[in-house]
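Coordinate analysis (summary)
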Amino acid sequence: MSLFITFEGPDGGGKSTICRTLAGELQATGYQVLVLREPGGTPIGDQVRQVLMDKANTSMTPHAEFLLFSASRAQLVRQTILPALSAGQIVLCDRFFHSSFAYQGFGHGLNLADLQQVTEFATGGLHPHATLLFDIDAESGLRRRQKPGLEWNRLDDYAVEFHRRVREGYLQLASADPNHWYVLDASQSYERVLAQARQHIALLLQNQ
Ligand code: TYD
């Protein structure tokens, strides 16, 4: 059995912590689970990530940004995700191509059809079986990201209007494809959000 689930949402929704926690729980019950994050997840992708996150790169254009995310993704799909799925593992990915649609598409205003076309090329047409959206409004999300100890990156520096468009974009993507998206209200307590995400993944495993 193989299952590919992606975790999406605006910054500060807690998805990364929940992704790692659920992976640990599934592993403890005997599943083979691989946890990945984008951008990165491979040695080449991690180098691309440094370029993308570097706060000195203030002149990066949205087009270059999107292609770098896509390059990291192309490497991750072929080097890591496809082999893991072929081996019957569960793959949990903290962000995937829907992040590009939300951030570079809705956030920066790049044409969505162009992004979809390049994405199909980059991923070879691989789509997640299901996507969990950790929905939170832009202001609360950014406030949570400002807590001491959390990494503040180049994309966090974009204006709050950018992050509002990202959030709206995610909600639009989710409502256009309700069979593949599950929306969680990430402004609730961590325990509640975790419990809802856990329940949904259990359901997905049951329906395999
Ligand atoms: P990261 O520190 O991993 O943030 P988070 O914990 O919120 O996932 O940084 C990833 C940043 O890159 C985040 O701001 C979202 C952004 N991003 C895009 O703009 N497009 C993409 O395709 C991906 C994968 C991420």
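For the structure itself, look to the data block above.
Residues numbered from 1 in each chain as written. Predicted model: local features only at pLDDT ≥ 70, side-chain atom pairs only at ≥ 80, totals over all residues. Heavy atoms only, no water.

1. Quick look at the site of the ligand
Lining the immediate surroundings of the ligand are 17 residues, of which Asp 11, Lys 15, Arg 95, Ser 100 and Gln 104 lie closest. For the ligand, an oxygen atom lies 3.5 Å from a polar atom in the side chain of Ser 16. For the ligand, whose accessible area on its own is 550 Å², the fraction buried by protein is 95%. Those elements that provide at least two residues to the shell around the ligand are α1 (15–28), α2 (43–53), α3 (62–86) and α4 (97–107). Examining the composition of the shell around the ligand, we find that four residues originate from one element, α4, more than from any other. Class assignment for the residues of the shell around the ligand results in four nonpolar, five polar and eight charged. (Near = heavy atom within 4 Å. Polar contact = N/O pair within 3.5 Å; in protein donor to acceptor, adjacent residues only side chain to side chain. Areas by Shrake-Rupley, 256 points an atom, 1.4 Å probe, with all protein chains shown as cover. Helix = DSSP H or I, 4+ residues; strand = E, 2+ residues; numbered from the N terminus. Nonpolar A, V, L, I, M, F, W, Y, C, P; charged D, E, K, R; others polar.)

2. What to know about helix α5 (residues 112–123)
Relative to the 16 Å expected for twelve residues at 1.5 Å per residue, α5 spans 16 Å between its end C-alpha atoms, a close match to the ideal helical length. The set of residues buried in α5 consists of Leu 115, Thr 119, Ala 122 and Thr 123. For α5, the arc enclosing every buried residue in end-on projection is 75°, short of the 170-degree limit, so these residues lie on one face. Within α5, the exposed residues directed more than 90 degrees away from the buried face are Gln 117 and Phe 121. If you follow the buried residues of α5, they end up packed against α3 and α4. Between the side-chain oxygen at the start of α5 and the backbone nitrogen of Ala 113 there is a gap of 3.0 Å, and the oxygen is on Asn 111. (Expected span 1.5 Å × (residues − 1). Buried < 20%, exposed > 50% of the residue type's maximum accessible area, 1.4 Å probe, protein only. Arc of directions from axis to C-beta. Contact = heavy atoms within 4.5 Å.)

3. A look at unusual backbone geometry
Cis geometry marks the peptide bond from Glu 38 to Pro 39, where omega comes out at -10°. The residue Pro 39 is located in the loop between β2 (33–37) and α2 in this model. The phi torsion at Arg 95 lies on the positive side, around 80°, for a residue other than glycine. Mapped onto the secondary structure, Arg 95 falls in the loop between β3 (90–94) and α4. On the basis of relative accessibility, which here comes to 12%, the residue Arg 95 falls in the buried class.

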